[in-house]
Every structure is written in structure tokens, then in C-alpha cells.
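# Notes for the structure review
Okay, here's what each chain looks like letter by letter:
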Amino acid sequence: MPRPAPPVAAPPRLGPWSRTWRYLLAVGIGVVLWLFVTADVASNSDPAHAGRAGAMVLLDLVLGVVATALLPLRRRYPVVVAGVTALLTAASAFAAGPAMLAMVSLATRRRWRETLPVAAVWVLASVVYELGYQGTSTWGQGPWLLTVALALSALMVGLLIATGSYVGARRELLASLRQRAEDAERAQESRADQARQAERTRIAREMHDVLAHRISLVAMQAGGLAYREDLTREQITASAETIRDSAHRALGELREVLGVLRADTDAVPTEREAPQPTLAELPALLADAVEAGGAVHLDVTGLPGGDRAALAAVPVTASRTAFRILQEALTNARKHAPGQDVRVRLAGAPGERLAIEARNRVAGGTPVSAVPGAGLGLVGATERAELLGGALEHGPETGGWFAVRVWLPWPS
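Predicted, not measured: the structure shown is a model, and the values here were computed from it.

### Concerning helix 10 (residues 316-336)
Compared with the 30 Å implied by 1.5 Å per residue over 21 residues, the 30 Å span of helix 10 between its first and last C-alpha is a close match. Summarising burial for helix 10: 17 of the 21 residues are buried, a large majority.

### Description of the pairing of strand 2 (residues 342-348)
Every regular strand shows the same layout, with side chains that alternate between the two sheet faces. Burial runs high along strand 2: five of the seven residues are buried. Two elements, strand 1 (residues 296-302) and strand 2, share five bridges in a ladder whose sense is parallel. Opposite V296, over in strand 2, you have V342 as the bridge partner. You can see the chain leave strand 1, run along helix 10 and come back into strand 2, and the turn it takes is left-handed. Summarising the sheet, strand 2 and strand 3 (residues 352-361) pair through seven bridges and their orientation is antiparallel. Considered in strand 3, the bridge of A347 is made with A355.

### Quick word on the confidence of the model for the chain
Confidence in the prediction for the chain averages 78 pLDDT; 77% of positions are at 70 or higher. Here residues 264-272 is a poorly scored stretch, pLDDT under 50, and it has six contacts once near neighbours within four places are set aside; other chains count. Low pLDDT, under 50, characterises residues 365-375; the stretch is placed with 14 contacts to residues that sit more than four places away or in other chains.

### Thoughts on the sheet that holds strand 3
Pairing is mixed across the open sheet formed by five strands, whose spatial order is 1-2-3-5-4. Two strands bound the open sheet, and with one partner strand each, they are strand 1 and strand 4 (391-397). When the angles between neighbouring strand axes are averaged without regard to direction, this sheet yields 15°. Helix 9 (residues 282-291) contacts strand 1 and strand 2 of the sheet and is inclined by roughly 150° relative to strand 1. Along the sheet, helix 11 (residues 377-387) contacts strand 4 and strand 5 (401-410); its crossing angle with strand 4, the most-contacted strand, is approximately 145°.

### Topic: the pattern of salt bridges
Taken as a whole, this structure holds eight salt bridges when the rule is applied. The partner of E114 in a salt bridge is R111, and the shortest N-O contact between them spans 3.5 Å. A residue is classified by how much of its surface remains accessible, and R111, at 22% relative accessible area, is partly exposed. Here D183 ties to R186 by a salt bridge, and the two come within 2.2 Å at their closest N and O atoms. Of this pair, D183 and R186 both sit in helix 6 (residues 143-227), three residues apart, roughly one helical turn. Classification of R186 by relative accessible area gives partly exposed; the value is 45%. Connected through salt bridges with shared partners, the residues E357, R359, E397 and R405 form a single ionic network.

### So, the nonpolar core
Counting residues in each nonpolar core, the largest one holds 35 residues, and the members touching the most others are L279, L303, L326, V344, L354 and V406. Of all the secondary structure elements, the ones that give two or more residues to this core are helix 9, strand 1, helix 10, strand 2, strand 3, helix 11 and strand 5. Element by element, the count of residues in this core is highest for helix 10, at eight residues. Sequence-distant contacts of L279, defined by excluding residues within four places in its chain, comprise L311, V314, S319, A322, F323, L326, L346 and L354.

Cut-offs used in this document
- Numbers given for residues are sequential positions, taken from 1 along each chain in its written order.
- Reporting in this predicted model follows two pLDDT cut-offs: at least 70 for local features of residues, and 80 or more for side-chain atom pairs to be given and counted; totals over whole chains, interfaces and linings ignore these cut-offs and use all residues.
- Side-chain metrics in this entry use all non-hydrogen atoms of the structure; hydrogen atoms and water are not considered.
- In this text, helices come from DSSP runs of H or I with a minimum length of four residues, and strands from runs of E with a minimum of two, each type numbered from the N-terminal end.
- Any helix carries an expected span of 1.5 Å times its number of residues minus one.
- Exposure is judged per residue with a 1.4 Å probe applied to protein chains only, and the accessible area is read against the type maximum: over 50% gives exposed, under 20% gives buried, and values in between give partly exposed.
- For two strands to be treated as a pair, DSSP must find at least two bridges joining them.
- Crossover handedness is defined here as right-handed if the route from the first strand over the helix to the second strand goes clockwise, with the strands pointing away from the viewer.
- Confidence scores per residue from the predictor, reported as pLDDT, run from 0 to 100.
- When checking whether two residues touch, look at their non-hydrogen atoms; a contact exists if any pair is within 4.5 Å.
- Here an axis means a line fitted to C-alpha atoms, over the contact stretch when the element is a helix, while the angle between two N-to-C directions is reported on a 0 to 180 degree scale.
- Here, a salt bridge means any side-chain nitrogen of Lys or Arg that lies within 4 Å of a carboxyl oxygen of Asp or Glu.
- Remark: nonpolar core denotes a set of buried residues (Ala, Val, Leu, Ile, Met, Phe, Trp, Tyr, Cys) joined through side-chain atoms within 4.5 Å.

Here it is in C-alpha cells:
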């Protein structure tokens, strides 16, 4: 079975001027040809055939008007209109103008199965017209004139088909470029949406890491004031000052995170975003955890040299990620196991990986949360580790322990 022809895209809508100049050109060519034929027949016709010549001139005009009236339908019925107007040229020189426009319009579809039969009809109609025209005029009669007319007709049809094919190819090119521009615009909008979503996720993660740590301190310290009735006036004042300082730190860190949203796009990066903490700030993080209650034991014997100085060799991205994950682990320990000791262990070497472990006992073996939370902290920490090419696992262990273990790449 023959393959069906591919669908032809609808031609673009024409504006008022585009339609007007096409019709004016077609009618103008037809009128010029009709006047030329009328003048030639009037001056060179045989007196014996004067009535026949007058009838042909009148018929020529009528058929030309009919061909012009068919032009508005050429886009809806391109093959029919082009074929009928080409057939009318067998008896009308006027119809040649509208037939040209119909042929060009048909050729823009660039379907040879439609164009070639209409072109053959046009050439045959030219031969028929030439034979009838020679019968009414004494000028240039002879077979040579028929040959010339046939060649000129074929050349004209070829030029019309070439013009229509060029117009059709240009329309397809413009449509393709327009489609590509629209696709590129949609892709750009999609990338912008993804970038905005990624930025919102990053900011939300930073806000969670920062505020959850500070607010958990405030909640633990405020809870101590609420339930401790044996505190002296000085101890209550000291606890209140600690709570105030922690709240001020939380507000300050919140301003730093939100400053990213308010900063101008052309601002210097160091002015737009405060430096993110790394493992160099680990002592301050552990000191905050101790203030909230419970001891924190740090083991760095697995690092090169067995001291904290080796943390300076950890790449900035890995160091920042490790700090945030440890911050989340300590925050969870204060939420779910208040007052329990936390054991933090760091190990690894350049060229291998950085291993981090945070373990704390859980009272009764079951986590107890004194501070409400969304339960998404460790989910975000896992995402951080995986984005860096590492891994994170967490969960309860035998003996009433809860552990968070992280592995991050440590390039040499």
C-alpha cells in the first residue's frame, strides 16, 4: 500500500494588504493580456470571422471574471481552484492572471502529485487556446507559433511552480524557526523555574539548619527554667541571659539567610551571602550543645595526626556539608534525648573519604521529643550528602543508641 502523504501545515493568515495586492496583481495581469488579445483580434482578424472573434473576446472576459471569483477559495480547495482556473485559460487570456496566483498557491504545498497534473492541464490548455486564437487572427499563423507558445507556457508554469515552492519552503522555515524560538523560550522558563525552586530549597535547607539549631537551644533552656524550682536568682538571671543571647544569634543568622533574598543581583558575592560555616567552627558548635545540657565527646583519632588540625585539609564543600550534618545530628539529640551524652567521631584521610558518626543514648530506647519538629532534618541531611557523592544512614541500634553515620568524599 502506498504511504499516505504527510499532512500539510495550514498556510499563515494573510492581512488585508497581502490579500489586496495579490488580487490586484492577478487581475492586472489578466486585464493586460485580455486588452492585448482584444486589440490584436480587432486589428488582424478576418472580416469573415468578425462575429466569432467578438464572441471569443466576450467569452474571454466572462471566464476571466469567473476565474477571479474562484481565487478566495484557493486555500480551502487548492487543487480544484488551480485546476479549474488552468482549464479556463483554454478559452480566456484574462484567466491566465488568476490561474498564475492559484498555481503559485498550490505549489506552496510542495506536493508533486498535486502540482504536476495541474501543470499538464495548464500546458494543454495553452495549446487549445493557441489553436482557437489562430482561427480568429491572421497574424503569426503557423505550426512554429504553436511550438513557441507551448515552450513559453511550459516555461511559465515552471517559473510559477518554482516561485510557489520557494514561498512554501520559506514559510516552513519561518514556522520552524518560530517553533524553535517558542521551544527555547519554554525551555528557558522551565530552567528558570527549576533554578528558582532549587534556590528556594537551598534557602529553606539553610534556614532549617540554622534556626532548628538555635531554637532548640532556646527551647531546652526555657524548659529548664519552667521545671527547675531550685534555681537561685543568679542562676535564673544567667539562664535568661543565655536564652536572650541564643535568640539574638538566631535572629542574626536568620537575617544572613534572608539577606540572600533581598540582595541585588549585581552585588558582590561576599556582600550578598555570609560565609557558610565549616568544620573550623566545630568547637563553637559543640560548645552550644554543651550549654543546652549533656556532654559531647569528640573523637578525632581517626584523622591524620589524630588532632583537629587535620580538619583544615578537608575541602570546603565537604567541610561545610559535614558541619551542617553534625549540626542537625546534635539538634536531633537535644530534641529526642535531652540531657543525654553525644559521642561524635571523625575519621578518614585525603584520597579516601571522611567518615562522621554521631551517637547518643535514647532514654528507654524510644526517642522522646520535647521540641516539635517537621521530621525533615535528616531527610535534608541525606540529600546534602548524596549531592556531594556521599551517603548517610541513621536509625536506632541495640543497647539504646541512636546513630547517624555519614561518608563524604575527601579528594587528595
